[in-house]
Amino acid sequence: MGSSNVRSLDREPAALAMRIGVVAAEAALATFARNLDVDDLEDGVDFQGVIGPAEWPVFSLVIDTLAEAGPGDRRSLDERRADALNDLARICMAAKNRGAA
């Protein structure tokens, strides 16, 4: 068996980073689903008050990354976070569907 310098595509740094991102997104979505009551969403959500300290770092990293305001974005943080949760759900569904294919 000869040595090869060719990496498989699933071991490339970009592919590994993407897999780590998907794992973080799935963990954040699972945290959200476990800790928040949908009925409470009408009144706004105190994310840090609801998400436990052990799960907060990954959850906040994912949500804050997705909720980052772009140039000219006039939405409030709450609006951006609501959109971030929708984006998070779409990311997880796309990853799940891709994995099933």
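Definitions and cut-offs
Residues numbered from 1 in each chain as written. Predicted model: local features only at pLDDT ≥ 70, side-chain atom pairs only at ≥ 80, totals over all residues. Heavy atoms only, no water. Helix = DSSP H or I, 4+ residues; strand = E, 2+ residues; numbered from the N terminus. Buried < 20%, exposed > 50% of the residue type's maximum accessible area, 1.4 Å probe, protein only. Contact = heavy atoms within 4.5 Å. Areas by Shrake-Rupley, 256 points an atom, 1.4 Å probe, with all protein chains shown as cover. Polar contact = N/O pair within 3.5 Å; in protein donor to acceptor, adjacent residues only side chain to side chain. Expected span 1.5 Å × (residues − 1). Salt bridge = Lys/Arg side-chain N within 4 Å of Asp/Glu carboxyl O. pLDDT = per-residue confidence, 0-100. Phe/Tyr/Trp six-rings, centres within 6.5 Å; stacked < 30°, edge-to-face > 60°.

## Observations concerning the overall build of the chain
Line of reasoning, step 1. Helix and strand counts for the chain stand at four helices and zero strands.
Line of reasoning, step 2. Residues classed as buried in the chain amount to 19% of the 101 residues present.
Line of reasoning, step 3. For the chain, contacts bridging at least 24 residues in sequence account for 44% of all contacts bridging at least 6.
Line of reasoning, step 4. Surface accessibility of the chain: about 7500 Å² in total, with carbon and sulfur atoms responsible for 56%.

## Some remarks on the side chain of R80
Line of reasoning, step 1. Its location among the elements puts R80 in helix 4 (residues 77-100).
Line of reasoning, step 2. Among the polar contacts made by the side chain of R80, one reaches the main-chain carbonyl oxygen of A67 at a distance of 2.7 Å.
Line of reasoning, step 3. Ignoring anything within four residues of it in the chain, the contact list for R80 reads A67, E68, A69, D73 and R75.

## Examining helix 1 (residues 13-35)
Line of reasoning, step 1. Taking 1.5 Å per residue, 23 residues should reach 33 Å; helix 1 reaches 33 Å between its end C-alpha atoms and fits that length.
Line of reasoning, step 2. Three or more residues of helix 1 are buried, namely A25, A28, T31 and F32.

## A short note on the pattern of salt bridges
Side chains that differ in charge, positive against negative, can pair when their charged atoms come close.
Line of reasoning, step 1. One pass over the full model with this rule turns up four salt bridges.
Line of reasoning, step 2. Ionic pairing is found between R81 and D64, a salt bridge with its closest N-O pair at 3.5 Å. In this pair, R81 is assigned in helix 4 and D64 in helix 3 (residues 56-66), connecting sequence segments 17 residues apart.
Line of reasoning, step 3. Each of D73, R75 and D83 takes part in salt bridges that share partners, so that together they form one network.

## Thoughts on the side chain of S60
Line of reasoning, step 1. Following the sequence through the fold, S60 ends up in helix 3.
Line of reasoning, step 2. A distance of 3.3 Å separates a polar side-chain atom of S60 from the backbone oxygen of P57.

## Quick notes on the confidence of the model for the chain
Any segment with low pLDDT has predicted coordinates that should not be analysed in fine detail.
Line of reasoning, step 1. Chain-level pLDDT for the chain is 77 on average; 76% of the residues reach the 70-or-more range.
Line of reasoning, step 2. Averaged pLDDT values for the elements of the chain fall to 74 in helix 2 (residues 47-50) and rise to 86 in helix 3.

## Considerations on the environment of D83
Line of reasoning, step 1. Tracing the backbone through its elements, the reader meets D83 in helix 4.
Line of reasoning, step 2. For the pair formed by D83 and I63, sequence separation is 20 residues and the distance between their alpha carbons is 9.6 Å.

## Describing the packing of aromatic side chains
Line of reasoning, step 1. Counted under the stated rule, the structure contains one aromatic pair.
Line of reasoning, step 2. Their ring planes at 40 degrees and their centres at 6.0 Å tell us that W56 and F59 sit as a pair that is tilted. You can see W56 and its partner F59 sitting in helix 3, three residues apart, about one turn around the helix.
Line of reasoning, step 3. Judged by its relative accessible area of 17%, W56 is buried.

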